[in-house]
Amino acid sequence: QVQLVESGGGLVQTGGSLRLSCAVSGTIFSSTVVGWYRQVPGKQRELVAGLDSSGFLSYADFVKGRFAISRDNRKNMVYLEMNSLKPEDTAVYYCNVISSRGAWWGQGTQVTVSS
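Quick look at the structure, then. (Residues numbered from 1 in each chain as written. Predicted model: local features only at pLDDT ≥ 70, side-chain atom pairs only at ≥ 80, totals over all residues. Heavy atoms only, no water.)

### Examining the nonpolar core
Part 1 of the argument: With 27 residues, the main nonpolar core has W36, V78, L80, M82 and Y93 as its most contacted residues.
Part 2 of the argument: Every element with two or more residues in this core is listed here: β3 (18–25), β4 (33–39), β5 (46–51), β7 (67–72), β8 (77–82), β9 (91–99) and β11 (109–114). (Core = buried A, V, L, I, M, F, W, Y, C linked by side-chain atoms within 4.5 Å. Buried < 20%, exposed > 50% of the residue type's maximum accessible area, 1.4 Å probe, protein only. Helix = DSSP H or I, 4+ residues; strand = E, 2+ residues; numbered from the N terminus.)

The following block contains the structure:
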């Protein structure tokens, strides 16, 4: 079974930083596409950042210059560095992994940015 375990969410004030982590097990991690998504109640889940197995990066316009996704293939970890946080970044953040076998999601971690 593929499992994704997230950590690092919490409460931070406007302008602050958080680092989200996602530990992946049960798949050949180096061959996967990884990403972070977020969702606010009443709205659709949206892509925040993505990183494929060859190192290609993609970011949503609303986080460019503020967030950075990375991966450590030796530790099977995915990270999201979040800087210059804004109240509108408040959401549940989800880690996602895609392989040739399917797609899997983490349980989600709450990020709350106070104004």
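The discussion continues.
### Comments concerning the state of the cysteines
Part 1 of the argument: Per the counting criterion, the structure on display carries one disulfide.
Part 2 of the argument: With its sulfur 2.3 Å from that of its partner, C22 forms a disulfide with C95. Across the S-S bond linking C22 and C95, the dihedral sits near -90°, which makes this disulfide left-handed. With C22 in strand β3 and C95 in strand β9, this residue pair connects regions lying 73 residues apart in the sequence. (Disulfide = S-S within 2.5 Å.)

### Remarks on the pattern of salt bridges
Part 1 of the argument: Taken as a whole, this structure holds five salt bridges when the rule is applied.
Part 2 of the argument: Notably, a salt bridge pairs R19 with E81, separated by 3.0 Å at the nearest N-O pair. Of this pair, R19 sits in strand β3 while E81 sits in strand β8, placing them 62 residues apart in sequence.
Part 3 of the argument: Judged by relative accessible area, R19 falls into the partly exposed class, the value being 42%.
Part 4 of the argument: Taking relative accessible area as the criterion, E81 reaches 24% and is therefore assigned partly exposed.
Part 5 of the argument: Its salt-bridge partner being R38, residue D89 comes within 2.9 Å of it at the nearest N-O pair. Of this pair, D89 sits in the loop between β8 and β9 while R38 sits in strand β4; the two residues are 51 residues apart in sequence, bridging distant segments of the chain. (Salt bridge = Lys/Arg side-chain N within 4 Å of Asp/Glu carboxyl O.)

### A look at the pairing of strand β1 (residues 3–7)
Part 1 of the argument: Only one face of β1 is covered, namely the face carrying L4 and E6; the face carrying Q3, V5 and S7 is uncovered.
Part 2 of the argument: Alignment of β1 against β3, held across five bridges, turns out to be antiparallel. Of the residues in β3, the one forming a bridge with Q3 is S25. (Pairing = 2+ DSSP bridges.)

### What to know about the sheet that holds β3
Part 1 of the argument: The sheet built from four strands is open, its strands ordered β1-β3-β8-β7 with antiparallel pairing. The open sheet has two edge strands with one neighbour each: β1 and β7. Strand after strand, the sheet turns through a mean of 15° between neighbouring axes, direction not considered. (Axes fitted to C-alpha atoms, helices over the stretch in contact; angles between N-to-C directions.)

### Structural notes on the packing of aromatic side chains
Part 1 of the argument: Tallying each qualifying case throughout the model produces two aromatic pairs.
Part 2 of the argument: When the ring centre of Y79 is taken as reference, the NZ or CZ atom of R19 above it lies at 4.3 Å.
Part 3 of the argument: If you follow R45 out to its NZ or CZ, it ends over the ring of W105, 4.6 Å from the centre. (Phe/Tyr/Trp six-rings, centres within 6.5 Å; stacked < 30°, edge-to-face > 60°. Lys NZ or Arg CZ within 6 Å of the ring centre and 35° of its normal.)

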